[in-house]
There are 2 protein chains.
Amino acid sequence: MSDKEQGILFVLSGPSGAGKGTVCKALMRRLPEMCLSISATTRQPREGEQHGVNYFFKTRQQFESMMASDDLLEWAEVYGNYYGTPREFVEQKLAEGRDVLLEIDIQGAMQVKKSYPNGVFLFLIPPSAMELEARILGRGTETEDSFATRFGAARSELQMMKKYDYVVVNDVVEAACERIESIITAEHCSVARNLFLLQEW
Amino acid sequence: MSDKEQGILFVLSGPSGAGKGTVCKALMRRLPEMCLSISATTRQPREGEQHGVNYFFKTRQQFESMMASDDLLEWAEVYGNYYGTPREFVEQKLAEGRDVLLEIDIQGAMQVKKSYPNGVFLFLIPPSAMELEARILGRGTETEDSFATRFGAARSELQMMKKYDYVVVNDVVEAACERIESIITAEHCSVARNLFLLQEW
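Since the structure is predicted, the reported quantities are computational estimates derived from the model, not experimental observations.

Caption draft 1: Inspection of the relation of the copies chain B and chain A at higher detail. Screw-axis analysis of chain B against chain A gives a translation of 0.0 Å along the axis, an RMSD of 0.0 Å, and a rotation angle of 180 degrees. A rotation of that kind, with that shift, is consistent with a two-fold axis. For chain B, the smallest separation between a C-alpha atom and the rotation axis is recorded for S182 of chain B, amounting to 2.1 Å.

Next comes the structure, spelled out in structure tokens:
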């Protein structure tokens, strides 16, 4: 397999309140060739969820065996269930020449960066501190204390920007998508990913 | 002046026959905000050429004094005339927050890279060796010997690709322009150029 046919892993991450989920869905609608990474989980399937479409459903034992054999690009335990990103699915799509999009929180993205440094790491941020405040309050589920906690957490998460390749301001979803599509095109033009051209001449 | 308002220098270069001039003109039509770098030269102005528009016209003494005081990002002597890129014009536009486009041969680009490593270096190439052959022959000015020389030179120039940031295949001019516009957008999203955002929160 030459480099030519190799896809690129794009990791969409950022502080909570940035709108990762919304931008990810919009991107998938706009980019029919893009492949969305499917997570593995030990939680029970909900009605309508399909194995290999929404999640790869695993037993605890299966999941822990994947952890042990480094078959996960990242994983976490949330409320007693495991969630993780199977390496095989991602690497298979990349080898087929398909780009892969992975939407994930900052902690997960930092794990992926260790196991797959060749990925392109995008940091999505709200347009301003004021806008983040409005978005957190807009959920209408916050007490004054929990608001302060969430807002403080988001501000300190913002410092993690330095560990990423690109920062994308999510002012308007479609504008953020256009920036990300430009980044995808640019990365495919990077010299490091096109050295195979030298052999063709 | 914060980083926020700083423009980016895009250096468009590549082997002869790649179509640098055509792509540069098309880009300038498509990007009204882009500022084209103006060269200094010691050659006589031709009819209609204006100082500060087509070139900065200089005496040999003026030009040599610019060389001596490192006021040129690059320079060369061609058929007894000096040509070069004045640093002040470029840096002033960048400081005003304008992006600057500089179209230049590979030797010049490598000089610019030394004096302004912060620039973004684009390597434009023809879509294939066959297409390059057709383009050189298409000029209709080549003997068999001069063709072989030019073709061999272009092939060895191609190896310089490794020194650049991006490679852009010039299959169709407008498609090449779109790729370059994506690269411009992506570079404006690079974390390294957006660290000032961390102070705003």
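Caption draft 2: Molecular detail of the pattern of salt bridges. Residue and element names in this part refer to chain B. Tallying each qualifying case throughout the model produces 19 salt bridges over all chains. As a salt-bridge pair, R60 and E64 come within 3.9 Å of each other at their nearest N and O atoms. Note that R60 and E64 are positioned in helix α2 (residues 60-68) at a spacing of four residues, about one turn of the helix. Assessed through its relative accessible area of 38%, R60 is described here as partly exposed. Residue E64 is classed as partly exposed on the basis of its relative accessible area of 35%. Note that D70 is salt-bridged to R87, the shortest N-O span being 3.4 Å. Of this pair, D70 sits in the loop between α2 and β5 (72-78) while R87 sits in helix α3 (residues 87-95), and the two are 17 residues apart along the sequence. Through salt bridges with shared partners, a single network forms among R30, E174, E178 and E181.

Caption draft 3: Here's a closer look at the UniProt feature "binding site: ATP" (unreviewed entry) in chain A. All names here are of chain A. The residues that UniProt annotates with the feature "binding site: ATP" (unreviewed entry) are G14, P15, S16, G17, A18, G19, K20 and G21. Along the chain, A18 turns up in the loop between β1 (9-13) and α1 (20-30). We classify A18 as buried; its relative accessible area is 0%. In this structure, A18 is in contact with L124, I125, P126, R135 and N170, ignoring residues within four places of it in sequence. Within the secondary structure, G21 is located in helix α1. The partly exposed category is assigned to G21, whose relative accessible area is 25%.

What counts, and at which threshold
Residues numbered from 1 in each chain as written. Chains lettered and ligands numbered in written order. Predicted model: local features only at pLDDT ≥ 70, side-chain atom pairs only at ≥ 80, totals over all residues. Heavy atoms only, no water. Least-squares fit on C-alpha atoms with pLDDT ≥ 70 in both. Salt bridge = Lys/Arg side-chain N within 4 Å of Asp/Glu carboxyl O. Helix = DSSP H or I, 4+ residues; strand = E, 2+ residues; numbered from the N terminus. Buried < 20%, exposed > 50% of the residue type's maximum accessible area, 1.4 Å probe, protein only. UniProt positions renumbered as here; feature names shortened; annotations may be inferred. Contact = heavy atoms within 4.5 Å.

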